[in-house]
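Residue strings, one per chain:
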Amino acid sequence: MDNSSPDQFWNDIYQNGARGSSGKPGLLLAQFAAPLRPGRALELGCAKGDDAVWLASEGWQVTAVDISSVALELAAGNAARKRVADRIVFERHDLSLSFPEGRFDLVTASFLHSPHDWPRSDVLARAAAAVAPMGHLLIVEHGTRAPWSWSPEGTRFPTAEDTLAEMRLQPDAWQRLCICRIAREARGPEGQTARVEDNVIFLQRGDG
Ligand SMILES: C[S@@+](CC[C@H](N)C(=O)[O-])C[C@H]1O[C@@H](n2cnc3c(N)ncnc32)[C@H](O)[C@@H]1O
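To keep things clear, this report deals only with the structure shown in the data block.

### Describing the overall build of the chain
Item 1. Each helix and strand counted, the chain has six helices and seven strands in total.
Item 2. Moving toward the C terminus, one meets the helices and strands of the chain in the order α-α-β-α-β-α-β-β-α-β-α-β-β.
Item 3. On C-alpha atoms alone, the chain measures out to a radius of gyration of 16 Å, which is about the 17 Å that the 2.2 N^0.38 rule sets for 208 residues.
Item 4. Along the first, second and third principal axes, the C-alpha set of the chain runs to 45 × 40 × 35 Å.
Item 5. Classification of the 208 residues of the chain by burial places 36% in the buried group.
Item 6. Taking all contacts inside the chain whose residues are at least 6 apart in sequence as the whole, residues at least 24 apart take part in 70%.

Printed below as a string of structure tokens:
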């Protein structure tokens, strides 16, 4: 586990890493969210804002959250440059401690991982609780470790089914649209590439 505080750890990453954004949404977010009718979206762990900007440009009204004030500043600049700032509200939360108000038609969390000891399953369960009736929950997470990852070599990630089980959702309240692992070619910070696998948990809440 990293010894710096979580906000310091993530601020250092965004302060010292590439500050520009890729300008592209996550592959799996774009694939799974594109067919949905836009409404209110909540993004957890928005980093430099590429997913939030994409959702906003698709017509969603977005609340985007991160623990890192540096990331949020970069994300706000990104949204302004893409002229979608009026469709995104950025909020700083340590999701272990606080959570945005409201219910959303889409709640999405991509690679919401951290080297700190934190109640990730509880945060993901809280994300599910924020989904409005008939709304969707999309969680994309590492299924395997990329060679450039900060996670220690040999780290084994849970399967999508494991993550879902740890969230302890009421099974009959949700339709399981996709609980799977998908392979892709990933690009690292130095431009290096590797084949990795991502878990996808894509659910729709019932109307109850
Ligand atoms: C691995 S990055 C993923 C970023 C982005 N969603 C993506 O798909 O590339 C994890 C993000 O979650 C944020 N994060 C980590 N722990 C958090 C916490 N406790 N509360 C809120 N955000 C957190 C980090 O600052 C970081 O931006």
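### Digging into helix α3 (residues 50-57)
Item 1. Of all eight residues making up α3, seven are buried, and the element is well covered by its neighbours.
Item 2. Along α3, the positions that sit buried rather than exposed are Asp50, Asp51, Ala52, Val53, Trp54, Leu55 and Ala56.
Item 3. Buried-residue contacts for α3 involve α2 (27-33), β1 (40-44), β2 (61-66), α4 (69-81), β3 (88-92) and β4 (104-110).
Item 4. Two residues or fewer after α3 comes Gly59, characterised by a positive phi angle close to 110°.

### Some thoughts on helix α5 (residues 120-129)
Item 1. Along α5, the residues classified as buried are Arg120, Val123, Leu124, Ala127 and Ala128. In a view along the axis of α5, the buried residues occupy a sector of 145°, so they form one face of it.
Item 2. On its buried side, α5 packs onto β1, β4, β5 (131-142) and α6 (160-167).

### Observations concerning the sheet that holds strand β6 (residues 174-187)
Within a sheet, each strand pairs with its neighbour through backbone hydrogen bonds, oriented either parallel or antiparallel.
Item 1. The strand order β3-β2-β1-β4-β5-β7-β6 describes an open sheet built from seven strands, whose pairing is mixed. Every other strand in the sheet has two partners, leaving β3 and β6 as the edge strands with one partner each. Between one strand axis and the next, the sheet turns through 15° on average, direction left out of account.
Item 2. Direction of pairing for β1 relative to β2: parallel, over a ladder of five bridges. Across the sheet, the residue bridging to Leu44 is Val65, located in β2.
Item 3. Lying on the sheet, α4 is in contact with β2 and β3; it crosses β3 at an angle near 170°.
Item 4. Across the sheet, α6 lies against β5, β6 and β7 (193-205), angled at about 40° from β7, the strand it touches most.

### Structural notes on the pairing of β5
Item 1. Pairing geometry for β4 and β5, over six bridges, is parallel. Note on β5: the bridge partner recorded for Phe104 is Val131.
Item 2. Crossover handedness for the path β4 to α5 to β5: right-handed.
Item 3. Relative to β7, β5 is paired through seven bridges, and the arrangement is antiparallel. Within the sheet, the bridge partner assigned to Leu137 lies in β7 and is Leu203.

### As for the site of the ligand
Item 1. The full set close to the ligand counts 19 residues, and Trp10, Gly45, Ala47, Ile67 and Ser110 are the nearest of them.
Item 2. Here the shell around the ligand is built from residues that sort into nine nonpolar, eight polar and two charged.

Reading the values: rules and limits
- Residues numbered from 1 in each chain as written.
- Predicted model: local features only at pLDDT ≥ 70, side-chain atom pairs only at ≥ 80, totals over all residues.
- Helix = DSSP H or I, 4+ residues; strand = E, 2+ residues; numbered from the N terminus.
- Rg over C-alpha atoms; globule rule 2.2 N^0.38 Å.
- Buried ≥ 20, exposed ≤ 12 C-beta atoms within 10 Å, placed from the backbone.
- Contact = placed C-beta atoms within 7 Å.
- Arc of directions from axis to C-beta.
- Pairing = 2+ DSSP bridges.
- Axes fitted to C-alpha atoms, helices over the stretch in contact; angles between N-to-C directions.
- Right-handed = clockwise from strand over helix to strand, strands pointing away.
- Near = placed C-beta within 6 Å.
- Nonpolar A, V, L, I, M, F, W, Y, C, P; charged D, E, K, R; others polar.

All quantities given are derived from atomic positions and should not be read as evidence of function.
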